[in-house]
Amino acid sequence: MKKLLFILLLTSIAGIGRAQTVAVPDTLLFVFKLHGQTRKYQMSFREKQDTLYLHWGIERNLHWQSGSYAMSPQSVREGVRLSFLQPEDGKHVLLPSEETAYVLSRSAYRQLKEQHSFVYNNTRYAYVDASSTVLGMPLIHVRDEAEGGEMWILDYPALPLVWKMQDNPLEINWAI
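Residues numbered from 1 in each chain as written. Predicted model: local features only at pLDDT ≥ 70, side-chain atom pairs only at ≥ 80, totals over all residues. Heavy atoms only, no water.

1. Quick notes on the environment of Q65
In step 1: On the secondary structure map, Q65 appears in strand 4 (residues 63-71).
In step 2: Distance in space between the C-alpha atoms of Q65 and E88 is 8.0 Å, their sequence separation being 23 residues.
In step 3: Non-local contacts of Q65, meaning those with residues more than four positions away in its chain, are made with W56, G57, I58, R60 and D89. (Helix = DSSP H or I, 4+ residues; strand = E, 2+ residues; numbered from the N terminus. Contact = heavy atoms within 4.5 Å.)

Here it is, written out as structure tokens:
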């Protein structure tokens, strides 16, 4: 009996260790809401030759539409704006060096972690809490101090995804 309890204890400890190393899935489903419409995009992030690519796809009218956004190393390191560029079928867009798509730059993420606030799109976002989790990792909840827009950012230094955006003044909201 002691041997069985010991094996169960080791198995549960091993399971805890694996849960903490869960990675972000290869493909994520982003659900966008804009002006009463809902769109569901499949998105995946891939790094190739120091460039971060966001590949997206959506089925519309029985036709698969797709494209991508490319974020340069400078953009990933030091970007200060989120791109709200609408996806267009077949378009492969290189974002400007100050923009990222659906992720924070490393410098903004570091500022959030160290100072509990950051500036993106000329807007200061302040830390609210980190009470939600997803994929075994915390979501950092921040709020726009001026207009009340909210984001939940995956606390994952390798890819700090904007997991959810709500009350965006541009009315472009999403959740993964």
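2. Describing the sheet that holds strand 6 (residues 92-94)
In step 1: The strand order 6-4-3-2-1-13-12-11-10-9-8 describes an open sheet built from 11 strands, whose pairing is mixed. The open sheet has two edge strands, strand 6 and strand 8 (117-120), and neither has a second partner. For this sheet, the mean inter-axis angle between neighbouring strands, taken without regard to orientation, is 30°.
In step 2: Pairing geometry for strand 9 (residues 123-134) and strand 10 (residues 137-144), over seven bridges, is antiparallel. The residue bridging V134 from the neighbouring strand is M137, located in strand 10.
In step 3: Packed onto the sheet, helix 3 (residues 106-115) meets strand 8, strand 10 and strand 11 (150-154) and runs at close to 150° relative to strand 8. (Pairing = 2+ DSSP bridges. Axes fitted to C-alpha atoms, helices over the stretch in contact; angles between N-to-C directions.)

3. Considering the nonpolar core
In step 1: Counting 42 residues, the largest nonpolar core has F45, M71, Y102, F118, M151, L161 and W174 as its most contacted members.
In step 2: In this structure Y102 touches F30, F32, M43, F45, L54, L82, L161, V162 and W174, once residues within four positions along its chain are discounted. (Core = buried A, V, L, I, M, F, W, Y, C linked by side-chain atoms within 4.5 Å. Buried < 20%, exposed > 50% of the residue type's maximum accessible area, 1.4 Å probe, protein only.)

4. Focus on the confidence of the model for the chain
In step 1: When the pLDDT values of the chain are averaged, the result is 86; 87% of them are 70 or greater.
In step 2: Here residues 1-21 is a poorly scored stretch, pLDDT under 50, and it has zero contacts once near neighbours within four places are set aside; other chains count. (pLDDT = per-residue confidence, 0-100.)

5. Here we look at the pattern of salt bridges
In step 1: This structure, assessed with the given rule, holds five salt bridges.
In step 2: Where R81 meets E99, a salt bridge forms, and the shortest distance between an N and an O atom there is 2.5 Å. You can see R81 sitting in strand 5 (residues 81-82) and its partner E99 sitting in strand 7 (residues 99-100), a full 18 residues away along the chain.
In step 3: Residue classification places E99 among the buried residues on the basis of a relative accessible area of 12%.
In step 4: If you follow the salt bridges from partner to partner, you end up with R81, E98 and E99 in one network. (Salt bridge = Lys/Arg side-chain N within 4 Å of Asp/Glu carboxyl O.)

6. Comments concerning the packing of aromatic side chains
The geometry of an aromatic ring pair comes down to the distance between the two centres and the angle between the two planes.
In step 1: Across all of its chains, the model carries 10 aromatic pairs by this definition.
In step 2: Seen in terms of ring centroids, F32 and Y41 are 5.5 Å apart; in terms of plane orientation they differ by 85°. Their pairing is edge-to-face. Per residue, the accessibility class of F32 equals that of Y41, and both read buried.
In step 3: Each ring, one from Y41 and one from W56, has its centre 5.7 Å from the other, and the planes form 70°; the classification is edge-to-face. Pair noted here: Y41 is in strand 2 (residues 37-48) and W56 is in strand 3 (residues 51-60), with a separation of 15 residues, a long-range link. The pair formed by Y41 and W56 is uniform in burial state, with each residue classed as buried.
In step 4: Ring-pair connections join several aromatic residues into one group, and the members of that group are F30, F32, Y41, W56, F84, Y102 and W174.
In step 5: In this structure, K164 is placed above the aromatic ring of W152, and the distance from its NZ or CZ to the ring centre is 4.7 Å. (Phe/Tyr/Trp six-rings, centres within 6.5 Å; stacked < 30°, edge-to-face > 60°. Lys NZ or Arg CZ within 6 Å of the ring centre and 35° of its normal.)

7. A look at the side chain of S83
In step 1: Tracing the backbone shows S83 in the loop between strand 5 and strand 6.
In step 2: A polar side-chain atom of S83 sits 3.3 Å from the main-chain amide nitrogen of L85.
In step 3: The residues touching S83, leaving out its near neighbours within four places in the chain, are L95, E99 and T100. (Polar contact = N/O pair within 3.5 Å; in protein donor to acceptor, adjacent residues only side chain to side chain.)

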